[in-house]
Amino acid sequence: MSYANGLNYLEVLDLRNNSLKGMIPPDLFTKPLLRSLDLSQNQLNGQLKEFQNASSSLLREMYLSENELQGPIPVSIFKIRGLNVLGLSSNQFNGTINFEMIKDTNELTTLDLSGNNFSFEVSGVNSTLFSHIGKLGLGSCNLKEIPGFLTNLMNLFHLDLSNNKIKGEIPKWIWKLGNENLVYLNLSNNMLSGFDKPIPNLSPGNLVVLDLHSNLLQGPFLMPSPSIIHLDYSHNQFSSSLPSRIFENLTYASFVSLSSNHFNGEIPFSMCETWNLFVLDLSKNHFNGSIPECLGNSNSFLKVLSLRNNELHGILPKRFAENCTLRTLDVNQNHLEGPLPRSLANCGDLEVLDVGNNFLNGSFPFWLETLPLLRVLILRSNFFGGSIIYSPSKTSFPLLQIIDLASNKFRGNLSSEWFKSWKGMMKQEKKSQSSQVLRYSYLVLTPFYYKDSVTLVNKGLNMELEKILTIFTSIDLSNNLFEGEIPEKIGDLDLLYVLNLSNNHLTGQIPSSFGKLKELGSLDLSENRLSGTIPQQLTTLTFLSVLKLSQNLLVGEIPQGNQFGTFTSAAFEGNIGLCGPPLTKTCSHALPPMEPNADSGNGTWGIDWNYYWIGFGCGGGMGLNIGFVAGTVAINIFVKGRGRGRRRRFHTYIHQ
């Protein structure tokens, strides 16, 4: 930042949210007329050096947050007598902070030291030093207790003590801070265990934001203040039922999260009165009963509804209003039954629909194709069935990036045309899009947002995506009754990362077009009836870390090179006709060339492999002998009349 030389007439310097690097020149803090300095959200690094004549500086506001600054804070900064705002959060500052250091900054109203590596001396602090403090940020500052000097801060309205090591109960005096004018309180990510008795009554208070998530809180439920807008009790150990009239106290609430607790009982119907609610997250509890019908049509502002991992039963709300604004609907892992309501098509902003792991039934909801913003569709582990009807529209699922239909009863062929319109999985359609987290910002001009998450099955394990990147793509159609050949068009989805077609009745060859899936990291085609050889093109997939081709009818030599050298024999077992590493079976005879059967139309040999393979599923001994005999008979019948030499070669190959 050598440009700091000069600038003697500058009063305001705002360079926030750029890519500035290097050290901050110390003389920048003492420019004769500079009153406001904002260098936050850059990549500035190094140690801040002490500077002279700090007492003569006219600086009133100094924002250095979200950089990579190191070392101790220069004492010179605290010599700037007229400083009102000091923001140093989210850096790598260290050393010891003794609050006596700030005795000269007696006009300080905002002090944010959160997100650094300080040690603090909080005992015996003269609270008069903070007489003007209104906003205090001490998050991620290695505090082990709530500082007692806070009790005398009559002007305090914003307090952040998150991400510390504070234990014990929340003292009852904390609710009276700032002469009972506290608006923002964040005690999240500590080890707090409960509330000091008696349980406080927050009704007279002015709290707008109360964030207690990720503690060890248990015991009686703390009824929020009627003024609350953001309420987060998630990731605690509350185990009671909810007060029936709780939502009457949440008239103005925009965000309510009680997820990851042990709440039980029914969801109170008073929630139908929360007209301003944008986000409601009750996931990962023990709520039972049915979903209030009003959630579909009464709240015109509701954007996110997450009820996943509960014990809810009954049906989904039948009516979703024509002005439905839902963006995320997640009811995964409950006991819901019946069909999906067609009125969900009214939710034109829907991006995430997750109804997996229930008892829902009916045919594939083809009417969802009309939703222009749908990115995530999860129907797995239900009782959906029938053929998937293809819509001729070229705009079907245009942004779809995750589809999971696994473990249902879908049947029929996979249409090539179905995959052709999935532009969200194609590079040419997303080449200008950067990787972003799928989230919803529900309060403008605030840092608050809701982050979508889903649970997928990958590598045979449940994988919870706490952050859904807009570039993450996955297709899981496993454990169904699909048949016919795998469409070549899947090879056009060149942003695809996970493809699972296992446990179906698919036949034909593995498409060579899969060689175009350069982003593919996981491919599972196991437990089908695929035949032919493994395409050499698969060896060009250098990101492939999971490959499962086991339990098929594949033949010939396993391709070698690149990632194929890392896969174990388990990836190929159950294919009697395969040979070569990593299998122990050597390829002593190359597979003889054959002309395709003119009647088959699919480039295979024209052999009924289901008939040929019948003996190999019977175990050893007689079963294998029957299999070989049946296979020999089938092949001799097939080649009869096509030349004695060719028949002899096939007969020899079978016995080998």
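The written sequence of each chain sets the order in which its residues are numbered from 1. It should be noted that, the model being predicted, local features are given only for residues of pLDDT at least 70 and side-chain atom pairs only at 80 or more, the latter also being counted only at that level, while totals for whole chains, interfaces and linings use all residues. Only hydrogens and water are removed before side-chain values are computed, so all heavy atoms of the structure are retained for them.

Caption draft 1: Geometry of the overall build of the chain. Across its full length, the chain holds 7 helices and 44 strands. For the chain, buried positions account for 52% of its 656 residues. For this analysis, residues touch if any pair of their heavy atoms sits within 4.5 Å. Considering only contacts within the chain whose residues lie at least 6 apart along the sequence, 57% involve residues at least 24 apart. Here the Shrake-Rupley method, with its probe set to 1.4 Å, supplies the accessible areas, and only the displayed protein chains count as covering residues. Split by element, the accessible area of the chain, about 28,700 Å² in all, is 50% carbon and sulfur. Secondary structure elements are taken from DSSP: a helix is a run of H or I of four residues or more, a strand is a run of E of two residues or more, and numbering for both begins at the N terminus. For the exposure calls, accessible area comes from a 1.4 Å probe over protein chains only, and a residue counts as buried if that area is under 20% of its type's maximum, exposed if over 50%, partly exposed in between.

Caption draft 2: Region of interest: the confidence of the model for the chain. The predicted model of the chain has a mean per-residue pLDDT of 82, with 80% of residues at 70 or higher. Think of pLDDT as the predictor's per-residue confidence, scored from 0 to 100. Taken as a whole, residues 590-656 scores under 50 in pLDDT and shows 61 contacts with residues more than four places along the chain or in a different chain.

Caption draft 3: The packing of aromatic side chains, seen in detail. Any Phe, Tyr or Trp ring, taking Trp's six-membered ring, that has another such ring centre within 6.5 Å forms a pair; planes under 30 degrees apart are called stacked, those over 60 apart edge-to-face, and the others tilted. Counting across every chain of the model gives 22 aromatic pairs. Seen from their ring centres, Phe263 and Phe287 are 6.3 Å apart, and the 15° between their planes marks the pair as stacked. Of this pair, Phe263 sits in the loop between β18 (255-257) and β19 (264-266) while Phe287 sits in strand β21 (residues 286-288), placing them 24 residues apart in sequence. Each member of the pair, Phe263 as well as Phe287, carries the same accessibility label: buried. An aromatic cluster is present here, built from Phe364, Phe384, Phe397, Phe410, Trp418, Phe419, Trp422 and Phe482 joined pairwise through their rings.

Caption draft 4: Just the sheet that holds strand β25 (residues 335-338), in detail. Two strands form a pair only when DSSP identifies at least two bridges running between them. Pairing within the open sheet is parallel, and its 7 strands lie in the order β23-β25-β27-β29-β31-β37-β39. Each end of this open sheet is capped by a strand with a single partner; those strands are β23 (313-314) and β39 (505-507). Here strand β37 (residues 481-485) pairs with β39 via 3 bridges, running parallel. Bridge pairing in β39 links Glu483 to His505.

Caption draft 5: A look at the side chain of Asn575. Residue placement: Asn575 occurs in the loop between β43 (553-557) and β44 (577-579). Judged by relative accessible area, which is 4%, Asn575 ranks as buried. Here a polar contact is recorded for every N or O atom pair within 3.5 Å, except that within protein the pair must consist of a potential hydrogen donor and a potential acceptor, and residues adjacent in sequence are included only if both atoms are side-chain atoms. In terms of polar contacts, Asn575 uses its side chain to reach the backbone amide nitrogen of Asn552, at 3.2 Å. Here the side chain of Asn575 touches Leu554 through a polar contact of 3.0 Å, landing on its backbone nitrogen. With residues up to four places along the chain from it excluded, the contact list for Asn575 reads Leu549, Ser550, Gln551, Asn552, Leu553 and Leu554.

Caption draft 6: Just the environment of Phe564, in detail. Here Phe564 lies in the loop between β43 and β44. Take Phe564: its relative accessible area is 3%, and that puts it in the buried class. Considering only alpha carbons, one finds Phe564 and Ser545, 19 residues apart in sequence, at a separation of 9.2 Å. Discounting residues that sit within four places of it in the chain, Phe564 has contacts with Ile534, Leu538, Thr539, Leu547, Ile558, Pro559 and Phe572.

Caption draft 7: Molecular detail of the state of the cysteines. Here, a disulfide means two cysteine sulfur atoms that sit within 2.5 Å of each other. Counted under the stated rule, the structure contains 2 disulfides. Residue Cys324 pairs covalently with Cys347 via a disulfide, S to S 2.1 Å. With the S-S dihedral at roughly 95°, the linkage between Cys324 and Cys347 falls on the right-handed side. Of this pair, Cys324 sits in the loop between β23 and β24 (328-330) while Cys347 is found in the loop between β25 and β26 (352-354), placing the two residues 23 residues apart along the sequence. Accessibility classification places Cys324 together with Cys347 in one group, the buried group. Here Cys579 pairs with Cys587 through a disulfide, and the sulfurs are 1.9 Å apart. Taking the torsion about the sulfur-sulfur bond, which here is approximately 110°, the covalent link between Cys579 and Cys587 counts as right-handed.

Caption draft 8: Region of the structure containing the sheet that holds strand β41 (residues 531-532). Spatially, the 3 strands line up as an open sheet ordered β41-β43-β44, and their pairing is parallel. In the strand order of this sheet, the two ends are held by β41 and β44, each with one partner. Both β41 and β43 contribute to a ladder of 2 bridges, which runs parallel. Paired with Ser531 across the two strands is Leu553, which belongs to β43.

Caption draft 9: A look at the pairing of strand β6 (residues 68-71). Bridging between strand β4 (residues 43-47) and β6 involves 3 bridges; their strand directions are parallel. If you follow Asn45 over to β6, its bridge partner there is Glu68. Relative to strand β8 (residues 92-98), β6 runs parallel, the two being bridged by 2 bridges. Among the inter-strand pairings, Gly71 is bridged to a residue of β8, identified as Phe93.

Caption draft 10: Representation of the nonpolar core in the model. To qualify as a nonpolar core, a set must consist of buried Ala, Val, Leu, Ile, Met, Phe, Trp, Tyr and Cys residues joined through side-chain atoms within 4.5 Å. Formed by 150 residues in total, the largest nonpolar core has its most connected members in Trp175, Leu210, Leu377, Trp422, Ile475, Phe514 and Phe572. For this core, the secondary structure elements donating two or more residues are β8, β10 (117-121), β15 (191-195) and α3 (416-420). If we ignore the near neighbours within four places in the chain, the residues touching Trp175 are Ile170, Glu180, Leu185, Phe195, Pro200, Leu202, Leu207, Leu210 and Leu222. Of all hydrophobic cores here, the second largest spans 6 residues; its members include Val352, Val376, Ile402 and Phe472.

Caption draft 11: Local environment of the pairing of β4. Residues Leu44 and Gly46 of β4 are buried on one face, while the alternating residues Gln43, Asn45 and Gln47, pointing to the opposite face, are not. Bridge count between strand β2 (residues 21-22) and β4: 2 bridges; the pairing is parallel. Within β4, the position partnered with Gly22 by the bridge is Leu44.

Caption draft 12: Local environment of the side chain of Asn42. As for its placement among the helices and strands, Asn42 is situated in the loop between β3 (36-38) and β4. A relative accessible area of 7% means that Asn42 is categorised as buried. From its side chain, Asn42 meets the backbone nitrogen of Ser19 in a polar contact 3.4 Å long. A distance of 3.1 Å separates the side chain of Asn42 from the backbone nitrogen of Leu20, its partner in a polar contact. For Asn42, the residues in contact, after removing those within four places along its chain, are Leu15, Arg16, Asn17, Asn18, Ser19, Leu20, Glu66 and Asn67.

Caption draft 13: Just unusual backbone geometry, in detail. Pro198 follows Lys197 through a cis peptide bond whose omega is 0°. As for its position among the elements, Pro198 is in the loop between β15 and β16 (209-211). Residues other than glycine seldom take positive phi values, yet Glu527 does so here, at roughly 55°. With respect to the helices and strands, the residue Glu527 is situated in the loop between β40 (522-524) and β41.

Caption draft 14: Main features of the environment of Ile291. Examined against the element boundaries, Ile291 turns out to sit in the loop between β21 and α2 (294-297). Taking relative accessible area as the criterion, Ile291 reaches 7% and is therefore assigned buried. Taking the C-alpha atoms as reference points, Ile291 and Phe269, 22 residues apart in sequence, are found 9.1 Å from one another. Ignoring anything within four residues of it in the chain, the contact list for Ile291 reads Leu307, Leu312, His313, Leu316, Pro317, Val331 and Leu336.

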